Amino acid sequence: MMNSAFVFIKPHAVTEPTKALVSETLRARGLTILQEGDLAAEEIDAKKLIDQHYYAIASKATILKPAQLNVPSAKFEAQFGLSWEAALAQGNVYNAMDACATLGIDANDLDAEWAKAKKAKKLVKFGGGFYCGLIEIEGKPSVYVFNGFFMSMRAKFTVPGESIHYYVVEWDPAVLPWADFRGAVLGPTDPAEAPADSLRGIIAARWEELGLAAAPNVGDNGVHASASPFEGLAERLNWVGASLATDPFGAALLARGVPAETIQAWTVDPQVWPLNT
């Protein structure tokens, strides 16, 4: 079976020269481009594509309501001096999206308030990508907010007029191991550490001639690519409407007896509980 991944140019780097560079580099490294296109910010926003993409983080910020979250009660009470049940009963807990609406602020405002809460040590981490902060703005009600940092991340993909440019690619795993696809073709998350001939390394070195407004950084690092074969499947299902039955990796899982509902559950950050031994 061929390896297959989903790759996209992030909004800050979508220019015609960058598109040409990415296409040429992928082909030069032995990858075949099966599908290519653009997705506008308006569609990304309406379909919550970026929320599904960052599901582990976004589920707490935009998709689920606080009452649907598995909040560690002891950690919440230790941080805020109020039980989780009492906070829910008071009705002053919100996901990040609803907090913006309730407080009448935008993503950047919430990001600034989140930074203040962090500095004041009014944040608690429940787990990877799962935080709650007490947001206190003069003249507005104090509220407990989940993953308030996500809204500014999301906004980069949902500003009207922006877009991503994507590729569905495949390659022979015997020629290019997945680790090399990630490390050598894409490059590390921090473009400053990326190999000079990797996509992130090239974009970081040539950002001005490629027409970018600013030098790439850890967040705006030019290009995203799937981190594993399964993540590639999950991203194709989300971004380009692939189906389990027709996607080669999805079909292979089904053929091995993995139920479709199990595969779908795995793509959206399933809850994993430790066994008592």
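Before any of the text, the structure's been laid out above.
Residues numbered from 1 in each chain as written. Predicted model: local features only at pLDDT ≥ 70, side-chain atom pairs only at ≥ 80, totals over all residues. Heavy atoms only, no water.

1. Things to note about the packing of aromatic side chains
Argument step 1. Scanning all chains against the criterion turns up 20 aromatic pairs.
Argument step 2. Here Tyr-54 and Phe-150 contribute two aromatic rings whose centre-to-centre distance is 6.4 Å and whose plane-to-plane angle is 75°, an arrangement assigned as edge-to-face. Of this pair, Tyr-54 sits in the loop between helix H3 (49-53) and helix H4 (55-63) while Phe-150 is found in helix H9 (residues 150-158), placing the two residues 96 residues apart along the sequence.
Argument step 3. What makes Phe-150 buried here is its relative accessible area of 0%.
Argument step 4. For the pair Phe-76 and Phe-80, a centre-to-centre distance of 4.9 Å together with 55° between the ring planes defines the contact as tilted. Taken as a pair, Phe-76 and Phe-80 lie in helix H5 (residues 73-80) at a separation of four residues, close to a single helical turn. With respect to burial, Phe-76 and Phe-80 carry one shared label: buried.
Argument step 5. Members of the aromatic cluster, connected to one another through ring pairs, are Phe-76, Phe-80, Trp-84, Phe-126, Phe-130, Tyr-144 and Phe-146.
Argument step 6. For the cation-ring pair, Lys-60 lies above Phe-130, with the distance from its terminal atom to the ring centre recorded as 5.1 Å. (Phe/Tyr/Trp six-rings, centres within 6.5 Å; stacked < 30°, edge-to-face > 60°. Helix = DSSP H or I, 4+ residues; strand = E, 2+ residues; numbered from the N terminus. Buried < 20%, exposed > 50% of the residue type's maximum accessible area, 1.4 Å probe, protein only. Lys NZ or Arg CZ within 6 Å of the ring centre and 35° of its normal.)

2. Some details on the state of the cysteines
Argument step 1. Counted under the stated rule, the structure contains zero disulfides.
Argument step 2. Not engaged in a disulfide, the cysteine Cys-132 finds its nearest cysteine sulfur in Cys-100; these two sulfurs lie 14 Å apart. (Disulfide = S-S within 2.5 Å.)

3. Observations concerning the pattern of salt bridges
Argument step 1. Counted under the stated rule, the structure contains 11 salt bridges.
Argument step 2. Across the pair Glu-16 and Lys-19 runs a salt bridge whose closest N-O atoms are separated by 3.1 Å. Residue Glu-16 and its partner Lys-19 are both found in helix H1 (residues 16-28); the two are separated by three residues, about one turn of the helix.
Argument step 3. You can call Glu-16 exposed: its relative accessible area is 57%.
Argument step 4. With a closest N to O distance of 2.5 Å, Lys-122 and Glu-136 form a salt bridge. Of this pair, Lys-122 sits in the loop between helix H8 (107-119) and strand E4 (123-127) while Glu-136 sits in the loop between strand E5 (130-135) and strand E6 (143-146), and the two are 14 residues apart along the sequence.
Argument step 5. Through salt bridges with shared partners, a single ionic network connects Glu-16, Lys-19 and Asp-38. (Salt bridge = Lys/Arg side-chain N within 4 Å of Asp/Glu carboxyl O.)

4. Overview of the packing of helix H12 (residues 229-239) against helix H13 (residues 248-255)
Argument step 1. As a packed pair, H12 and H13 sit with axes 9 Å apart at the nearest point and diverge in direction by 110°. Put simply, H12 runs roughly perpendicular to H13. For H12 against H13, the interelement crossing comes out left-handed. Of the residues in H13, those in contact with Pro-229, Phe-230, Leu-233 and Arg-236 of H12 are Phe-249, Gly-250 and Leu-253.
Argument step 2. A breakdown of the residues in the contact of H12 with H13 according to their chemical character gives five nonpolar, one polar and one charged. (Axes fitted to C-alpha atoms, helices over the stretch in contact; angles between N-to-C directions. Parallel < 35°, antiparallel > 145°, perpendicular 65-115°, else oblique. Left-handed = near helix turned anticlockwise from the far one by under 90°. Contact = heavy atoms within 4.5 Å. Nonpolar A, V, L, I, M, F, W, Y, C, P; charged D, E, K, R; others polar.)

Purely spatial values, then, with no claim about function.
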